[in-house]
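Structural overview for review
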Amino acid sequence: MNRRTIPPGGVPAAPDRIDVLIRSHRRRVDRSLKPLVLAHYPGMMAPPGLEYAKMIELSTKMVMVGRACVLIGGQIFNRRHLRTAALYGACCFLGDSFLDDFGEDAAHEYIQRYELLLTKGWFELRNDRERLFYVILARLFAERDILNPLLRQAIFGLFLTQKRDVELRATTAALEGASRRTLLRRLRECARDRSGHAITLLAHLLNPHLPLPCAAAIYTAGSLIMHIDDHGDCHSDRYYRRATFMNQVRDPVRTLGGIYRRGVEQIRRELPPSLGRDLMLAFLHRYHQTRLRKHRLERGRGGTSWRVYE
Amino acid sequence: MELGDLAAIGLQELFRLRAIDIEQPLLRIDYRAEAAEAPFHFDMVGGKLHRTGCRAIPRTSLPALYAVWEPGDGWPTLACPQCRPVLPEAADMKGDSSFDLLYGLLSVVDQFGSVLTERGREYRSSTRGRQLSKQLTQLLGALDQPQREVLSAALNSLDGMVKAIRQVNETLEKNGNGNGNGRPSSPPATNGQPPADPSQKV
């Protein structure tokens with residue numbers, strides 16, 4: 001099947017057609033981001049290029065979710081939406097790498113520098129990775145009226161949650177001694193808000209006029225994505241001593257199943273029937289299945305593998 | 001390298017070299033101060049619209065609250081049954097004013113589009129901005145008629161220059177030669193509406 005059989009701006013419902021859509025978006029995301037990476041951080045493309053491949057996968061995921069949000073808002077998904085969602089995915093990938101890949105001291109320092117960026121606009125560029133991150137951020141900010149109140153709140157809400165997450169990691173040991181229930185509640189809220197704000201930001205970057213009655217269901221979809229993602233990264237996060245709600249609960253598959261079921265029910269209940277809602281649900285189902293599989297595959301690899309998953 | 005990227009990096013280079021007053025903000029995303037003044041807050045977790053400060057807002061929802069000025073269509077179904085929010089009179093609704101463009105223009109040029117407005121507002125309310133405003137008022141008061149005419153001509157030139165830059169930007173965007181880094185040239189595109197050109201569908 002070629003892309004001409006996909007309804008314009010719509011989504012095919014069958015799983016094999018979702019495959020086609022993902023492949024198509026992956027190619028476009030690659031075309032959109034490659035020139036930027038080559039211009040500002042060519043080292044990322046050096047063989048075997050796994051980090052670049054991972055970034056493309058995350059950006060493709062953002063494009064799929066973004067497409068669903070655009071359709072939920074009753075709009076047609078266009079090139080500008082794709083470019084914006086791809087930039088947003090790359091921005092999230094690089095931002096997360098500053099928090100997760102260079103140790104706790106680097107994560108704390110990044111939080112301080114990012115706070116200065118969000119409160120004063122200043123960000124000292126120290127290397128190619130930071131330069132790429134900043135250029136992507138600047139382009140993203142130029143795509144939309146970034147001073148829209150909702151966008152500002154989503155950006156700053158996401159930052160505050162990231163800050164809370166980094167602080168929580170540092171105090172996890174102390175919290176374990178105090179109360180396991182408290183630890184789990186805080187970790188769960190942190191995961192909920194981190195991706196809840198992230199998807200709210202993505203959805204409103206693509207469609208600033210998304211109706212308020214859709215907001216909570218979209219926030220829930222984001223939270224669900226975070227829990228699914230954390231389950232997929234469970235072994236790696238444990239290896240690097242990053243506590244998440246999903247790697248602390250006793251029966252993660254069952255817990256995730258419950259969160260997934262309730263989330264999907266809320267999305268069905270609160271979002272009006274549309275191609276966008278169908279795409280969101282199809283994407284969540286697929287993501288849930290692939291991350292359950294990833295969790296099983298990674299169990300035997302000791303948490304240090306650097307494999308690229310869709 | 002794209003012109004817009006170069007300008008964005010250049011601004012941060014000025015910061016790195018401390019070649020500018022870094023106490024003056026370039027851009028402030030943090031919205032907490034303004035959010036506190038909003039009439040409503042929406043709980044993203046509970047899906048309820050509350051009056052600001054409503055005691056029924058769950059403590060666990062506090063990090064997921066969004067300030068809302070105008071809730072738009074469909075909000076009554078989301079209203080908290082305890083605080084029962086109602087829409088205030090239009091005069092009480094505080095929007096984001098866009099009348100600070102001139103002040104912003106003094107600091108940053110077209111690259112950051114809407115940032116100009118916020119930058120101008122920040123600058124005008126700063127100590128330095130207030131001092132400049134006072135000095136300008138004194139200066140304008142001391143000008144004679146010919147001097148006022150010269151100033152007026154200079155301001156008109158500035159205005160003409162901005163218009164010319166925008167026209168060039170629009171032309172480049174329409175011809176598909178824009179750097180993709182500027183704000184879109186037409187309001188419908190800015191608002192995320194479907195493009196007029198069906199070939200832009202993906």
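Predicted, not measured: the structure shown is a model, and the values here were computed from it.

In terms of regular secondary structure, chain A is built from 12 helices and zero strands. What you see in chain A, going N to C, is helices and strands ordered as α-α-α-α-α-α-α-α-α-α-α-α. Here the C-alpha radius of gyration of chain A, 19 Å, is about what a compact globule of 310 residues would show, namely 19 Å. Each of the three principal axes of chain A carries a C-alpha extent, and together these read 55 × 45 × 40 Å. Relative to its full complement of 310 residues, chain A shows a buried share of 48%. Long-range contacts, defined as pairs at least 24 residues apart, comprise 73% of the intrachain contacts of chain A with a sequence gap of at least 6.

What holds strands together in a sheet is hydrogen bonding between their backbones, with the strands either parallel or antiparallel. Residue and element names in this part refer to chain B. Across the sheet, three strands lie side by side as S2-S1-S3; this open sheet has antiparallel pairing. Single-partner strands in this sheet number two, and they are strand S2 (48-51) and strand S3 (65-68). For this sheet, the mean inter-axis angle between neighbouring strands, taken without regard to orientation, is 30°. Sheet topology note: the strand S1 (residues 40-43)/S2 ladder contains four bridges and is antiparallel. Each bridged residue has a counterpart across the sheet, and for Phe 40 the counterpart in S2 is Arg 51.

Angle between the axes and distance between the axes are the two parameters that describe a pair of packed helices. Residue and element names in this part refer to chain A. It is the contact of helix H8 (residues 212-232) with helix H11 (residues 252-270), at a shortest axis distance of 9 Å, that shows an interaxial angle of 160°. As summarised for this structure, H8 and H11 are arranged roughly antiparallel, according to the angle between their axes. Where H8 crosses over H11, the handedness of that crossing is left-handed. The residues of H11 that touch H8, namely those facing Ala 216, Ala 217, Thr 220, Ala 221, Leu 224, His 227, Ile 228 and His 231, are Pro 252, Leu 256, Ile 259, Tyr 260, Gly 263, Gln 266, Ile 267 and Glu 270.

Reading the values: rules and limits
- Counting restarts for each chain: residues are numbered from 1 in the order of the written sequence.
- Both sets of labels track the order of writing: A upward for chains, 1 upward for ligands.
- Only residues with pLDDT of 70 or above have their local features reported here, since the model is predicted, and side-chain atom pairs are shown and tallied only from 80 upward, although totals for entire chains, interfaces and linings are computed over all residues.
- Secondary structure elements follow DSSP: runs of H or I of four or more residues count as helices, runs of E of two or more count as strands, with numbering from the N terminus.
- Between the two quantities, the radius of gyration covers C-alpha atoms and the globule rule is 2.2 Å times the number of residues to the power 0.38.
- Note on burial: count the other C-beta atoms lying within 10 Å of the residue's C-beta; 20 or more is buried, 12 or fewer is exposed, in between is partly exposed, and C-beta positions come from the backbone.
- Think of it this way: build a C-beta for each residue from its backbone, and any pair within 7 Å is a contact.
- When DSSP locates at least two bridges between a pair of strands, those strands are taken to pair.
- Each axis is a line fitted through C-alpha atoms, and for a helix only the stretch in contact is used; angles between axes span 0 to 180 degrees, taken between their N-to-C directions.
- Here the angle decides the label: under 35 degrees means roughly parallel, over 145 means roughly antiparallel, 65 to 115 means roughly perpendicular, and every other value means oblique.
- Crossing handedness follows the turn of the near helix against the far one: under a right angle anticlockwise gives a left-handed crossing, and clockwise gives a right-handed one.

Bear in mind that shape data such as this cannot, by itself, settle questions of function.
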